Amino acid sequence: MKKIIVAAVAAMMAIIVPSSCSRKPQASATADISQQQLMERAAELCQYIPDHELRAGSEAYLTKDFYAVLDTMFNHLPEHEAMDHEWLYYFVTGNGGTIADYEVASVDITDATHATATIKVRQKWENGSFDETTDIEEHQLMMEFVDDQWLLADFDNHKADCIRHIAETR
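Residues numbered from 1 in each chain as written. Predicted model: local features only at pLDDT ≥ 70, side-chain atom pairs only at ≥ 80, totals over all residues. Heavy atoms only, no water.

Colleague: Got a minute to help me understand the confidence of the model for the chain in this structure?
Modeller: In low-pLDDT regions, the fine details of the predicted coordinates are not to be read closely. With 75% of its residues at a pLDDT of 70 or more, the chain shows a mean pLDDT of 80. Here helix H1 (residues 2-16) is the element of the chain with the lowest mean pLDDT, 43, and strand S4 (residues 149-155) is the one with the highest, 97. Note on residues 1-27: pLDDT under 50 across the span, and 23 contacts to partners over four residues away in sequence or across chains. (pLDDT = per-residue confidence, 0-100. Helix = DSSP H or I, 4+ residues; strand = E, 2+ residues; numbered from the N terminus. Contact = heavy atoms within 4.5 Å.)

Laid out in structure tokens, this is it:
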């Protein structure tokens, strides 16, 4: 029993440790990329924000630790556990038959390997039309420069929410 608990704690610590802590320091990413390129990369990363499922191929666009947390949430917990907490499946769109339309409003570089993008999201119907009453919401997309590319490291601080939920259910 003690070995199981130790293994579980070790596995959780591997998820909790930020990816920047487990990697060698890298050259400044900000010197090699323009603000426009960083905004374009943030827009590309928006396509990998989970909505109802972890998108196939997303592992290449997320930091290893963020992917591990999301993979656990979407693929390794019993479905009812995630459904009891709707934010786990509905990061952006909710459960109303809409598709998120993303716009990068700005990107703030916090240090040489971290940036935060402010994302404006408006919901459009599955046929591509917009409802005139649809509000535009702002979200935060955190990026980290890893292995010579910017990756999605967190979204609206859901990584911490997911880690707490995993710890409570395990």
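Colleague: Looking at this model, I keep getting lost on helix H2 (residues 35-46). Mind explaining?
Modeller: For an α-helix, 3.6 residues make a turn, and residues three or four places apart therefore share a direction. The end-to-end C-alpha distance of H2 is 17 Å, a good match for the 16 Å that 12 residues give at a rise of 1.5 Å each. Along H2, the positions that sit buried rather than exposed are Leu 38, Arg 41, Ala 42, Leu 45 and Cys 46. Taken around the axis of H2, the buried residues stretch over an arc of 150 degrees, which confines them to a single face. In this fold, the buried residues of H2 make contact with strand S1 (98-111), strand S2 (114-125), strand S3 (136-146) and S4. (Expected span 1.5 Å × (residues − 1). Buried < 20%, exposed > 50% of the residue type's maximum accessible area, 1.4 Å probe, protein only. Arc of directions from axis to C-beta.)

Colleague: Honestly, the pattern of salt bridges in this entry has me stumped. Any pointers?
Modeller: Pairs can form between side chains of opposite charge whenever their charged atoms are close. Tallied over the entire structure, the rule returns 3 salt bridges. With a closest N to O distance of 3.0 Å, Arg 41 and Glu 44 form a salt bridge. With Arg 41 and Glu 44 both in helix H2, this residue pair falls 3 residues apart, about one helical turn. (Salt bridge = Lys/Arg side-chain N within 4 Å of Asp/Glu carboxyl O.)

Colleague: Hey, could you run me through the packing of aromatic side chains in this one?
Modeller: Remark: the centre distance and the inter-plane angle together describe each pair of aromatic rings, the angle taken between the planes. Tallying each qualifying case throughout the model produces 3 aromatic pairs. Here Arg 55 stacks its cationic end above the ring of Tyr 48, 4.6 Å away from the centre of that ring. (Phe/Tyr/Trp six-rings, centres within 6.5 Å; stacked < 30°, edge-to-face > 60°. Lys NZ or Arg CZ within 6 Å of the ring centre and 35° of its normal.)

Colleague: Can you help me understand the nonpolar core in this one?
Modeller: Nonpolar side chains in soluble globular proteins generally cluster together in the buried interior. Within the largest apolar cluster, 36 residues are counted, with the highest numbers of intra-cluster contacts made by Ile 49, Leu 70, Phe 91, Val 107, Leu 141 and Met 143. Counting only elements with at least two residues in this core, the list comes to H2, helix H3 (64-75), S1, S2, S3, S4 and helix H5 (158-169). Sort the elements by how many residues they give to this core and H3 lands first, with 6 residues. Apart from the residues lying within four places of it in its own chain, the contact partners of Leu 70 are Pro 50, Leu 54, Leu 62, Asn 75, Phe 91 and Cys 162. (Core = buried A, V, L, I, M, F, W, Y, C linked by side-chain atoms within 4.5 Å.)

Colleague: Sorry, what's going on with the pairing of S2 here?
Modeller: Of the strand pairs in this sheet, S1 and S2 are connected by 12 bridges, and their pairing is antiparallel. Bridge pairing in S2 places Val 107 opposite Ala 117. Between the end of S1 and the start of S2, which pair antiparallel, lie 2 residues. (Pairing = 2+ DSSP bridges.)

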